[in-house]
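# Tertiary structure, described
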Amino acid sequence: MTSISGKTDLDWGAFAQALAPVEVIDEPVLVKKRSRDFFWYSPILNAELRRSFGDLVALPKTRDEMAHCLKLAYQADAPVVLRGGGTGNYGQAVPLQGGLIIETTGMNKILEIGDGFVRAEAGALMIDVNAALNEQGWEMAMFPSTQDIATIGGFIAGGSAGIGSIANGVLREPGNILQLKALSVEEEPQEYVFEGQDVLQIHHAWGLNGVITEVTLRTVPHPDWIGCMATFDSYRDCYAAGYALATADNVGRKLASTVDARIVEYFPRLKGHLREGKHLLVALVPAGDMDAFRALIEAQGGHLDLAMNDAEREAAKLPHVFEFAYNHTTLQVLKADRSATYQQIGVPDASDADLVAKVGQALGDDVWQHHEFSLLEGEVVAFDLPIIWYSTEERLREIGRIYEAHGHGVYDAHSYHVESGGLKTADFLHLAWKKRLDPKGLLNPGKSRAWDMVKDLSPEEIEAKAAG
Ligand SMILES: Cc1cc2nc3c(=O)[nH]c(=O)nc-3n(C[C@H](O)[C@H](O)[C@H](O)COP(=O)(O)OP(=O)(O)OC[C@H]3O[C@@H](n4cnc5c(N)ncnc54)[C@H](O)[C@@H]3O)c2cc1C
């Protein structure tokens with residue numbers, strides 16, 4: 001078999017045979033499909049990554065099969081990219097140097113549900129985890145809007161927050177990730193167990209520094225959630241209502257998103273359910289708090305257009321309200337027009353609706369605001385995931401500078417380097433663990449700029465850079 005990417009000169013036919021009994025996919029069209037994620041949200045990443053493909057896909061079903069894949073990769077010096085559902089937005093799961101893609105979705109057992117926690121294999125889909133939890137009165141403390149196809153291991157390795165973060169904080173906060181088990185890429189792959197805040201050594205490392213096999217996460221009680229949509233005349237008031245909900249002491253919530261009216265035009269499935277031409281607040285509120293929520297919306301000058309529990313929503317043939325939040329908002333627009341893209345922007349003071357309105361005016365007609373509220377270290381924070389009508393990279397960078405001039409932070413969504421987006425700087429603790437668990441640097445090569453600078457140092461020397 002020839003290499004699709006042409007970047008590795010291994011005999012992939014022999015490699016596939018040696019992987020037995022692990023199932024493989026070697027059909028080039030299917031290997032190419034599994035070499036992609038949602039990087040095409042970014043025209044910049046699309047140009048850079050659309051021709052990067054792996055050579056072979058392995059589908060282990062057990063930890064031992066996974067260890068067998070890693071041992072062979074180590075022996076053959078084969079690059080390895082882990083893949084869950086392939087829903088990442090920055091090309092995290094795209095093989096830059098060809099090689100072996102290991103898809104985890106066959107390792108999908110939910111192993112244990114207890115008071116306040118769930119333990120599952122890394123390839124379990126979050127929709128299945130939530131369904132199993134719901135039956136016992138629990139739910140995940142947070143999950144991404146991609147729960148239908150994204151895996152729990154992919155969320156830990158690639159994600160950061162989601163539906164529920166407004167109540168329970170972002171993933172990295174103490175107590176949200178309880179334990180991670182990971183395998184090393186060595187002659188004899190070893191299992192490492194991370195607990196307490198040590199889980200941060202491997203969380204959001206994009207599969208660079210170990211192969212997560214098992215995840216234990218915090219869970220929370222599961223009330224009857226009502227999916228709500230309220231509309232407002234101005235984006236400022238809509239945003240202010242989102243903040244009021246995020247900070248209310250008499251209304252529970254697991255989602256508060258605000259969406260510019262021009263974006264709402266791209267939600268055809270909501271036509272007839274919402275007032276036309278208005279700005280939209282999307283929320284999930286417990287049934288028992290609906291009277292207080294109605295009063296809050298009224299006090300903020302809005303109108304509650306839609307409020308349905310899951311059974312009512314299914315009868316009305318509507319999607320979950322969270323499919324109009326987080327990066328699903330962007331997806332709804334992209335479904336209609338691929339010239340849209342987005343950016344990730346931190347709001348300096350979530351309580352300041354006037355600043356949000358002011359930056360909105362300064363940005364121009366090619367930027368339509370969309371905010372998410374979350375908890376970070378007990379404080380309400382907001383971030384903007386605006387729709388940007390892409391013209392040039394220069395204009396995209398200018399938009400970033402306008403945000404920065406108004407005190408906002410830009411977490412670039414248009415780079416495939418782990419140091420660019422969420423992390424912003426090199427994480428030397430991640431890289432020290434990479435040296436321990438992946439001494440040959442085979443995992444997801446090319447995704448860390450800093451790795452090349454430290455790969456010849458010992459783990460302790462790399463760790464010292466974190467301290468310095
Ligand atoms: C429409 C849309 C909405 C989204 N909403 C959110 C959101 O609300 N919150 C959020 O945080 N993200 C969100 N994302 C990003 C993405 O969905 C999440 O990060 C998701 O949880 C990734 O899971 P996955 O199984 O698809 O991982 P993948 O995309 O397959 O992998 C993500 C990264 O993790 C690595 N990886 C996968 N499995 C393992 C493993 N077992 N061990 C080690 N490394 C591994 C991969 O190599 C890759 O680097 C969204 C994306 C889209 C397209």
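What comes next concerns the included structure.

How each quantity is defined
Residues numbered from 1 in each chain as written. Predicted model: local features only at pLDDT ≥ 70, side-chain atom pairs only at ≥ 80, totals over all residues. Heavy atoms only, no water. Near = heavy atom within 4 Å. Polar contact = N/O pair within 3.5 Å; in protein donor to acceptor, adjacent residues only side chain to side chain. Areas by Shrake-Rupley, 256 points an atom, 1.4 Å probe, with all protein chains shown as cover. Helix = DSSP H or I, 4+ residues; strand = E, 2+ residues; numbered from the N terminus. Nonpolar A, V, L, I, M, F, W, Y, C, P; charged D, E, K, R; others polar. Pairing = 2+ DSSP bridges. Axes fitted to C-alpha atoms, helices over the stretch in contact; angles between N-to-C directions. Contact = heavy atoms within 4.5 Å. 1 Å grid on protein atoms, 1.4 Å probe; cavity = no way out; pocket = protein on both sides within 12 Å on 5 of 7 lines; lining within 4 Å. Points joined across faces, edges and corners; volume = space filled by probe spheres on them. Parallel < 35°, antiparallel > 145°, perpendicular 65-115°, else oblique. Left-handed = near helix turned anticlockwise from the far one by under 90°.

With that out of the way, let us pick up the site of the ligand. Around the ligand there are 36 residues in total, and Leu82, Gly84, Thr87, Thr151 and Ala161 lie nearest to it. A distance of 2.8 Å separates an oxygen atom of the ligand from a polar atom in the backbone of Gly85. Ser160 is positioned such that a nitrogen or oxygen atom in its backbone is 2.9 Å from an oxygen atom of the ligand. Within the complex, 97% of the 970 Å² of free accessible area of the ligand lies under protein. Secondary-structure elements contributing two or more residues to the shell around the ligand are strand E3 (80-83), helix H6 (152-158), strand E10 (211-221) and helix H12 (326-336). With 4 residues, the single largest contributor to the shell around the ligand is H6. Class assignment of the residues belonging to the shell around the ligand gives a composition of 14 nonpolar, 21 polar and 1 charged.

This brings us to the sheet that holds strand E1 (residues 23-25). On the basis of which strands lie adjacent, the open sheet formed by 4 strands has the order E1-E2-E4-E3 and mixed pairing. The sheet is open, and its two borders are formed by E1 and E3, each paired with just one other strand. Each strand axis lies, on average, 25° off the axis of its neighbour in the sheet, ignoring direction. Summarising the sheet, strand E2 (residues 56-59) and strand E4 (residues 100-103) pair through 3 bridges and their orientation is parallel. The residue of E4 that forms the bridge with Val57 is Ile101. Contacting E2, E3 and E4, helix H4 (residues 63-76) crosses the sheet at an angle of about 170° to E4.

Once that is clear, we can look at the environment of Ala295. With respect to the helices and strands, Ala295 occurs in helix H10 (residues 290-299). Between the alpha carbons of Ala295 and Val264 there is a distance of 24 Å; along the sequence they are 31 residues apart.

By volume, the second largest pocket amounts to about 400 Å³. Considering the residues around the second largest pocket, the lining is formed by 21 residues, among which Asn134, His222, Lys254, Asp310 and His320 are closest to the centre. If you list the elements that add at least two residues to the lining of the second largest pocket, you get helix H5 (126-135), strand E11 (225-232) and helix H11 (310-315). Here the lining of the second largest pocket is built from residues that sort into 9 nonpolar, 7 polar and 5 charged.

So, about the packing of helix H13 (residues 353-363) against helix H14 (residues 393-405). Here H13 crosses H14 at 150°, and the two axes come no closer than 10 Å. Accordingly, the angle class assigned to the pair H13 and H14 is roughly antiparallel. Along this stretch, H13 crosses H14, giving a crossing that reads as right-handed. In this structure, H13 uses Val359, Ala362 and Leu363 to contact H14, whose residues at the interface are Arg395, Ile399, Ile402 and Tyr403. When its residues are assigned to classes, the contact of H13 with H14 shows 6 nonpolar, no polar and 1 charged.

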